[in-house]
Amino acid sequence: MDGEDRVHGPEGSETIEVDWSRRSFLIGTSTVLAASAIALFESSNVAKAFSALNGLQVDSGMTKVFQQDYYYIPNQMTWRVGTPMTLHIHNLSPTHFHEMQIGRGGFQRDPNAFTDLRIQFNQDFWDGVPVTILEEHWVDNLVTNKAIVTSLPKPGPWLITAPGNGNFSPTLRPGGSVSLKFTVPNKPGVWEYGCFVQGFIHYADGMKGTINILPA
Ligand SMILES: [Cu+2]
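Residues numbered from 1 in each chain as written. Predicted model: local features only at pLDDT ≥ 70, side-chain atom pairs only at ≥ 80, totals over all residues. Heavy atoms only, no water.

Enquirer: How do you make sense of the overall build of the protein chain when you look at a structure like this?
Expert: The helix and strand tally for the protein chain stands at three helices and 15 strands. Taking all 216 residues of the protein chain together, the buried fraction comes to 47%. Taking as baseline every contact in the protein chain between residues at least 6 positions apart, the subset at least 24 positions apart corresponds to 66%. Here the protein chain displays about 10600 Å² of accessible surface, and carbon together with sulfur accounts for 58% of that area. (Helix = DSSP H or I, 4+ residues; strand = E, 2+ residues; numbered from the N terminus. Buried < 20%, exposed > 50% of the residue type's maximum accessible area, 1.4 Å probe, protein only. Contact = heavy atoms within 4.5 Å. Areas by Shrake-Rupley, 256 points an atom, 1.4 Å probe, with all protein chains shown as cover.)

Enquirer: What is the right way to look at the coordination of the copper ion in this model?
Expert: Coordination angles at a metal have ideal targets, namely 109.5 degrees for four tetrahedral donors and 90 or 180 degrees for six octahedral donors. Note on the copper ion: its protein donors are His98 (ND1), Cys195 (SG), His202 (ND1) and Met207 (SD). The metal-donor distances range over 2.0 to 2.8 Å. Considering all four donor atoms around the copper ion, angles at the metal cover 81 to 137° and the coordination shape is irregular. (Donors = N, O, S within 2.8 Å, 3.2 Å for Na, K, Ca; no water. Tetrahedral: all angles 85-135°; square planar, octahedral: opposite > 155°, others 65-115°.)

Enquirer: Can you help me understand the sheet that holds strand β14 (residues 189-194) in this one?
Expert: In any sheet, the strands associate via hydrogen bonds between backbone groups, in a parallel or an antiparallel arrangement. If you walk across this open sheet you meet the five strands as β5-β15-β14-β8-β9, and the pairing is mixed. Edge positions in the open sheet fall to β5 (76-80) and β9 (118-124), since each of these has one partner strand only. Adjacent strand axes in the sheet meet at a mean angle of 45°, parallel and antiparallel pairs treated alike. Looking at chain direction, strand β8 (residues 101-109) and β9 are connected through five bridges and run antiparallel. Bridge pairing in β9 links Arg109 to Arg118. (Pairing = 2+ DSSP bridges. Axes fitted to C-alpha atoms, helices over the stretch in contact; angles between N-to-C directions.)

Enquirer: Whenever I open this one, the environment of Ile213 confuses me. Can you help?
Expert: Here Ile213 shows up in strand β15 (residues 208-214). Note: C-alpha distance between Ile213 and Val184 (29 residues apart in sequence) is 8.3 Å.

Enquirer: Sorry, what's going on with the environment of Leu180 here?
Expert: Its place among the elements puts Leu180 in strand β13 (residues 169-183). The contact partners of Leu180, leaving out residues within four places of it in the chain, are Met85, Thr86, Leu87, Ile89, Trp126, Val131, Thr132, Ile133, Leu142 and Phe168.

Enquirer: What exactly am I supposed to notice about the packing of aromatic side chains here?
Expert: Two descriptors summarise a pair of aromatic rings, namely the distance from one centre to the other and the angle between the planes of the rings. For the coordinates displayed, the defined rule picks out 16 aromatic pairs. Ring centres 5.0 Å apart and planes at 65° place the aromatic pair Tyr72 and Tyr193 in the edge-to-face group. Highlighted residues: Tyr72 in strand β4 (residues 71-73) and Tyr193 in strand β14, separated in sequence by 121 residues. Here Tyr72 falls in the buried class, since its relative accessible area comes to 0%. When its relative accessible area of 0% is taken as the criterion, Tyr193 is described as buried. Put simply, the rings of Trp79, Phe125, Trp126, Phe168, Phe182 and Trp191 pair up and form one aromatic cluster. One cation-aromatic arrangement involves Lys187 over Phe125; the distance from NZ or CZ to the ring centre is 5.8 Å. (Phe/Tyr/Trp six-rings, centres within 6.5 Å; stacked < 30°, edge-to-face > 60°. Lys NZ or Arg CZ within 6 Å of the ring centre and 35° of its normal.)

Enquirer: How should the pattern of salt bridges be read in this particular structure?
Expert: Side chains that differ in charge, positive against negative, can pair when their charged atoms come close. Taken as a whole and judged by the stated rule, the model has one salt bridge. The residue Asp140 makes a salt bridge to Arg173 at a minimum N-O spacing of 2.8 Å. Of this pair, Asp140 sits in strand β10 (residues 130-143) while Arg173 sits in strand β13, and the two are 33 residues apart along the sequence. (Salt bridge = Lys/Arg side-chain N within 4 Å of Asp/Glu carboxyl O.)

Enquirer: How should the nonpolar core be read in this particular structure?
Expert: Nonpolar side chains in soluble globular proteins tend to end up buried together. Membership of the largest hydrophobic core comes to 34 residues, with the highest contact counts inside it found for Trp79, Met100, Ile102, Trp126, Leu142, Leu180 and Phe182. Elements with a minimum of two residues in this core: β5, β6 (84-91), β10, β13, β14 and β15. (Core = buried A, V, L, I, M, F, W, Y, C linked by side-chain atoms within 4.5 Å.)

Enquirer: Just checking my understanding: could you explain the confidence of the model for the protein chain for this structure?
Expert: Reading fine detail from the predicted coordinates is not recommended where pLDDT is low. Averaged over every residue, the pLDDT of the protein chain is 82; residues scoring 70 or more account for 72%. Contacts from residues 1-38, a stretch scored under 50 in pLDDT, to residues over four places away or in other chains number 63 contacts. (pLDDT = per-residue confidence, 0-100.)

Enquirer: How should I be thinking about the pairing of β10 in this particular structure?
Expert: As a general feature of sheets, a regular strand has side chains that alternate between the two faces. The pairing of β10 with strand β11 (residues 148-151) spans four bridges and is parallel. For Pro130, the partnering residue across the bridge sits in β11 and is Ile148. Of the pairings in the sheet, the one linking β10 to strand β12 (residues 159-160) comprises two bridges and is parallel in character. When the bridges of β12 are listed, Val143 appears paired with Ile160.

In structure tokens, the structure reads:
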């Protein structure tokens with residue numbers, strides 16, 4: 001890199017390179033907030049109705065998660081430790097980027113933000129988990145963090161393996177998708193997932209869900 005797109009790290013003692021579009025999400029804009037509020041009000045009922053039908057099923061094999069503005073379908077999943085999974089994440093929004101972080105333990109905050117900005121979960125579900133990327137389509141960036149990632153598609157600039165870019169998260173362009181193959185790790189308990197694109201706006205608007213991981 002040639003020196004552009006550098007920001008100070010959390011300690012301020014070093015610089016890290018951040019994908020420009022991801023950084024722009026973290027900084028975010030508020031212009032879409034008002035427009036999204038009305039859509040959210042209607043969409044959240046759809047998501048709730050869906051989860052009522054889907055909540056008790058133990059997922060295995062191919063599991064699809066759809067992203068919209070600003071919710072997931074489903075917003076509730078049940079996994080079991082040791083189960084082979086292929087998680088297919090598909091962004092159905094025609095206009096918005098979305099991501100899917102999985103974590104718990106509260107939120108990390110951005111010390112450089114002008115406001116009190118929550119940027120990711122304290123605990124990253126994917127930490128130490130072997131993951132194979134089976135396909136990617138219009139992925140803007142996929143931060144690997146501490147996951148052990150193998151990519152079947154030829155890794156491009158979208159695959160961000162450098163430390164300091166946040167928790168594991170694929171960020172999908174409108175219409176984008178990614179498939180992740182993994183075995184549910186021995187991390188039982190309730191986990192959350194959420195989208196932190198545009199700061200906390202998407203999450204606060206309802207773009208979140210829970211995964212109850214049952215012991216083996
Ligand atoms: Cu989002």
